[in-house]
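# Examination of the molecular architecture
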Amino acid sequence: MKTRVRVKKDFTMSLFAVLLGMLAGALLMLVTGSNPIENFYYLFRGGLMNIERIGNTLATATPLIFAGLSVAFAFKTGLFNIGGAGQMLIGGLCATAIGLTFSWPKPILLTVIVLASLFGGALWGALPGVLKARFNVHEVVSTIMMNWIAYWSVFYIVPQYFKGPFLETESQRIPEAASLKIPWLTSLFSGSYINLGIFLAVVCVVIISIILERTTLGYELKAVGYNRDAASAAGINVNRNIVLSMAIAGALAGLGGATFYVGFASNMQIGVLPSQGFDGIAVALLGANSPWGALAAAIFFGLLHTGKGFMSAMTVTPPEISDTIIATIIYFAATSVLIERNWNRIKQYSPVALYKKVRPGGVDSTAGGEQ
Amino acid sequence: MNNIVEMRDIRKEFPGVVACDDITFQVKKGEIHALLGENGAGKSTLMNILFGLYQPDQGDIYLRGEKANIANPNIANDLGIGMVHQHFKLVHNFTVTENIILGLEPTRHFMINKKTASARIAELSKRYSLNVNPDSIISDVSVGMQQRVEILKMLYRDAEILIFDEPTAVLTPQEVRELMKIMRGLIDEGKTIILITHKLREIMAIASRCTVIRRGSVVGTVNVADTTEEKLAEMMVGRTVLFDVEKGEGKPGKEMLQIEKLTVEGTGGGHGLKDFSLTVRCGEILGLAGVDGNGQSELVEAIIGLRRANDGRVLIGGQNVTALSVRDRIQIGMAHIPEDRHKHGLILDYTVQENLILKNYFTEPFSRKGILDWNYIYGHAERVIRDFDIRAGEGAHATARSLSGGNQQKAIVGREIDGNPDLLVAVQPTRGLDVGAIEYIHKRLVEQRDQGKAVLLISLELDEILDLSDRIAVIFNGELVGIVNVDDADENMIGLMMAGGKKEVSA
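All residue numbers here refer to positions counted from 1 along the written sequence of the relevant chain. Written order determines the labels here, with chains lettered from A and ligands numbered from 1. In keeping with the predicted nature of the model, local features appear solely for residues at pLDDT of at least 70, side-chain atom pairs appear and are counted solely at 80 or more, and the whole-chain, interface and lining totals rest on all residues.

A few words on the overall build of chain A. Along its length, chain A carries 17 helices and zero strands. Considering only contacts within chain A whose residues lie at least 6 apart along the sequence, 80% involve residues at least 24 apart. Put simply, DSSP marks the helices as runs of H or I at least four residues long and the strands as runs of E at least two long, and each gets a number from the N terminus on. Residue pairs are scored as contacts if the distance between their C-beta atoms, which are placed from the backbone, is within 7 Å.

Bringing the environment of A:A74 into the picture now. All names here are of chain A. As for its position among the elements, A74 is in helix 3 (residues 51-76). Sequence spacing of A74 and L244 is 170 residues, and the spatial spacing of their C-alpha atoms is 9.8 Å. Setting aside anything within four residues of it in sequence, one finds A74 in contact with L79, F80, N81, S245, M246 and A249.

Tallying the contact residues gives 33 residues for chain B and 20 residues for chain A. Residue assignment for the side of chain B that touches chain A shows that the elements contributing at least two residues are strand 1 (3-14), strand 2 (17-28), helix 10 (326-332), helix 11 (341-345) and strand 20 (371-372) of chain B. Gly is put with the polar residues, along with every residue not named as nonpolar or charged; the nonpolar set is Ala, Val, Leu, Ile, Met, Phe, Trp, Tyr, Cys and Pro, and the charged set is Asp, Glu, Lys and Arg. Tallied by class, the residues present in the side of chain B that touches chain A amount to 15 nonpolar, 10 polar and eight charged.

The term nonpolar core means buried Ala, Val, Leu, Ile, Met, Phe, Trp, Tyr and Cys residues held together as one set by C-beta atoms within 7 Å. Whether a residue is buried, exposed or partly exposed follows from its count of other C-beta atoms within 10 Å of its own C-beta, namely 20 or more, 12 or fewer, or something in between, respectively; the C-beta atoms are built from the backbone. Formed by 157 residues in total, the largest nonpolar core has its most connected members in B:L50, B:I163, B:V352, B:V425, B:L457, B:I472 and B:V474. Discounting residues that sit within four places of it in the chain, B:V352 has contacts with B:A381, B:I385, B:I390, B:A392, B:A396, B:A398, B:A400 and B:A411. Residues A:Y193, A:I198, A:I211 and A:I281 belong to the second largest nonpolar core, which totals 98 residues.

All names here are of chain B. Looking along the chain, the bond that leaves E364 and enters P365 is cis, with omega of 0°. Within the secondary structure layout, P365 lies in the loop between helix 12 (352-355) and strand 19 (367-368). For D158, which is not glycine, the phi torsion reads 55° and is therefore positive. Within the secondary structure, D158 sits in the loop between helix 5 (143-156) and strand 9 (161-165). Take D158: there are 10 C-beta atoms within 10 Å of it, and that puts it in the exposed class.

A separate point is helix 2 (residues 36-48) of chain A. For the α-helix, the turn length of 3.6 residues means that residues three or four positions removed from each other point alike. All names here are of chain A. Residue count minus one, scaled by 1.5 Å, sets the expected span of a helix. The end-to-end C-alpha distance of helix 2 is 18 Å, a good match for the 18 Å that 13 residues give at a rise of 1.5 Å each. Within the sequence span of helix 2, burial applies to N39, Y42, L43, G46 and G47. Within helix 2, the buried residues cover an arc of 130° as seen down the axis, which keeps them to one side. As used here, the arc belongs to the directions running from the helix axis to the C-beta atoms.

What follows deals with the sheet that holds strand 17 (residues 319-320) of chain B. All names here are of chain B. Note on pairing: DSSP must find at least two bridges between two strands before they are called paired. As summarised here, the arrangement of the four strands in space is 14-13-16-17, forming an open sheet in which the pairing is antiparallel. The sheet is open, and its two borders are formed by strand 14 (273-281) and strand 17, each paired with just one other strand. Where strand 13 (residues 255-264) and strand 14 come together, six bridges link them in antiparallel fashion. Across the sheet, I259 pairs through a bridge with L278, a residue of strand 14. Packing of helix 9 (residues 296-304) onto the sheet brings it into contact with strand 13, strand 14 and strand 16 (311-316), and relative to strand 14 it is tilted by some 60°. Axes, fitted as lines to C-alpha atoms, cover a helix only where it is in contact. Angles between the N-to-C directions of the axes lie from 0 to 180 degrees.

What follows covers helix 13 (residues 291-314) of chain A. All names here are of chain A. Helix length check: helix 13, at 24 residues, gives a terminal C-alpha distance of 35 Å against a target of 34 Å (1.5 Å per residue), a fit within 8%. Along helix 13, the helix axis deviates most sharply at G307, where the bend reaches about 35°. Counting buried residues along helix 13, 18 of its 24 residues qualify, which places the element largely inside the surrounding structure. A residue's bend is simply the angle between two axes: one fitted to the seven residues ending at it, one to the seven starting at it.

Turning next to the sheet that holds strand 2 of chain B. Each strand in a sheet pairs with another by means of backbone hydrogen bonds, the pair being arranged parallel or else antiparallel. Residue and element names in this part refer to chain B. The four strands lie next to each other as 2-1-4-5, forming an open sheet whose pairing is antiparallel. A strand with exactly one partner marks an edge of an open sheet, and here the two such strands are strand 2 and strand 5 (66-68). Adjacent strand axes in the sheet meet at a mean angle of 25°, parallel and antiparallel pairs treated alike. With eight bridges connecting them, strand 1 and strand 2 associate as antiparallel partners.

A few words on the confidence of the model for chain B. Per-residue confidence from the predictor is reported as pLDDT, a score between 0 and 100. On average, residues of chain B score 88 in pLDDT, and 96% of them are at 70 or above. Interface confidence for the predicted complex, expressed as ipTM, amounts to 0.80; the pTM equals 0.77.

Below, the structure is given as C-alpha cells:
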C-alpha cells in the first residue's frame, strides 16, 4: 500500500521533470527561431513513425536499460557506480573476443558471449567493491579509474589481437553467428538494429526487481544501503554486501556492453568510452532508481536519441537541441528532489491556501485570543 | 514590571507540527525559572527562539519591558542573553581563555591580547567561585569543568539572562551539587537563570518557579515551594505517573554473560577498556553506571561483536564468543537495544514490518531459500505491534522514520525481546523518551529478568540504574570501579564511584 503511494509519487515527479525539460527545450527552439510543435512532432515521429524506427528506438534503449539498471541497483544499496562505461567496455571486449575467436553454433556461442560479458563486467565492478570494503576507497574514484583502465586495455588489445582489415582503430566485424541480431527479429522490424538484447534487458529488469523486493539478498543489500551502521549491528556482513552489490551492478553494465558491441554494433572501436555508461546515471535518476522506472526512462531516452536525426533532417533545428532537452530533463529530474522537499511549501502558496489565510475567521484571527 | 523576560503568544510551526502553540512565558529578574516538559514538548524550540536561533511565526518578546527583535544569537548576546547548550561548543585543543574569547578577541596592533582576557577570566572565575584555570587546555579538563567554561563564556559576555539546556545530563551527582551551588551564586550576583530540564528532583532542589509545557502549550506556571514532584509530573504528562518500578526479589541463576579481563582500544582518544571483568547472571539486571565516555560504548561494541578485543574474553552462555561475528552472537541468544536508535537500531527508510525482521529475516518462516514471505512477515509485524503497543499511523507499512521516538524505541524493544534472547544488552533504553514510554520499557526489562533472562543495563541516568538493577557496577576511565548490591547502594556512594573513587568489591 505504502509502496504504491511512493511509486505513484515518483512517477509524477519524473513526469514533471520530463515536461519541464521539454518545455525548456521548446523555449530554446523558440529562441533559435524554429517552431517547437513542429520540432517535437518530427522528434517523436523520428523515433516511432514505422516499425523499423521503433526497432531502432528499442535497440538504442537496450544498452541504456542495462546501464541505468546498473546505476539504480548500486544506488539502492548505497553505492554510486560511475564505472558503467568501463564495465560496458570490458563486457563488450569479452563478447567480441569470444565472437572473433570461436566458431561454435550460434546458440552456444551466444550463451558463452552473454556469460563472458556478464562475468567480465562483474569483475570490473567487484574490484572497486573490494577496494571499498577493504581499504575504504571511495567507489566514485575507483570506478572512474577503472573506466580508464578499461579504455586503455581496449586501446591495446583490439589493434593487437583483433585488428580489422582496413582500420587500425577498430576490430574486425564479428561473424553473424556471434551477433545478438537474429534474422527473424531483424526482418520483423524491417531491418532495424533491434536484437536479442532487448529481451535480455527485460529479463534483467524482472530479475533485479525480484531480487530487490522479494529476496533476503535484496533486503540485506538495501539495509546496507540505507543504514550501514544498523545493518552491521544487526549482524549483516556489510563488506560482503558492498562487493556483491558492485559485482551485480558491474555484471549488468557488462551485459549492456555485449548488447551494444555485438548487438547494436558489429565491431569495437578504440578510443571511445561508451556514453551510455554515463547516460545510465541519468536513466536511473529519471527512473527514480527503480528497475521498471529505469526501463521506461531508457526507452524514452532511446526515443529522443533515435528521433533527433529525423528532426534535424526535416527542420532547421540542429540535433544538439535534442541532446539539450535530454540534459534539461536530467537537470529537472535531479532537482525534483528539491521540488519534492518543498512540496508542502509550494502547496502553502497555492491560491486555495492563500485564500484560507486571509479569509476572516481563518488562522490569524484564532491566534492570540485567549490568555 | 519586574519581568526581565516576557515572551507573549509565541507560535512556531514546523511542517506537520506546532512546536509552540501561543506560549506565554514570563521570567522575573533574579529567579531560577525551570522550564519543564517531555522531549518534543517545545521547550527547546521556545528557548531557541529566545536565543535568536529561530524566528517565531507570531508573538513578541519583551526584555526588561522593552520589545526586542532577536534576529540572531549575536543580537541575543548583545541583549545579555547567554545559553549553555546541552552539547558544549568548545574547541578541544584551545585553552580555556582562547575558547572564551573566541569571536570577540581583544586585539592590540592586530595581535590578540590574551593577557588582559586571561586576567579578566581569572577574576570572573574567582568572583563566581568557578575554580577554572584560564590556561588549561579543554581536552585536559573534566566535563564538569568544561561546563563551567561555558558558564564563564556567558559571564565574559556580560550575560544577565542565562539559559541552561539540560545541564546535568553529563554530570555525576557530586558535580550536579557543585553546579547548583554555582547557580545559586549567580543568582546572588543578580543574574537570572532559565533552566531547561525534565528532571523533577533538580527543579525541586533549586528552582523558584516552574513553567510546564506539554505538546507546545503552557500547562501552567507554579511556585516550586507550593508543589510536589508528583504534581509536576502529572502536569508534564497529563496523567498520574508511577514512579517506582514494581519489582520483586530477583532469583539470579547461572552466569549468562562473562567478561574476562577485557582490554579494548578506545575511539579517537577515548578511554577504551582496561582489564575489565564483569559477570551477568540469568534472572538479574546488572546496571552499569558511569559518566558518559568512560568506556561504555567500547564495552557494548565488544560484547555485541562490533569491536575487536585486544585482550581478554567474552563468554555468552559459557561459550567463548570473542572471535565470533555479530550474527553468530545473536544466534547464540544475544539481543541488543542500542544507545542510538537511529544510527544502530533502525533502518529509518524501511517499514516497521521490515525493521521487525532485521535480525532474523534469513531464518524460516520469514524466508525460505532466500525468498521473503511477506504474508508471514506482515502477520508477525501485526502481532509485535499489538503486543508492544507500537503506535504507527499505517501500522506495519509505516516507515520507521514516521514514528515518534517512543514508538521507534518500542519497535526496537519489541524486536529484541520477541526474539526470546537469553541475554539482553540494553543501552540507554529510555533516552529521550517521555515518562509514559519510560514506564513501559522499564516494565518490560523487569519482565525479562523475571523470566530468567540476563539483562545488562547501561545507562547514564543514575535513577534508572538504581530503580531497575539488582546489582550495580560502576565504570570509570575504562576500568571497573566496583560492584555493589542495589540494597547497599545509595546515590552518594555510586556518585563517588562514578568519579573514580574506589570501593571495595562487595558483591
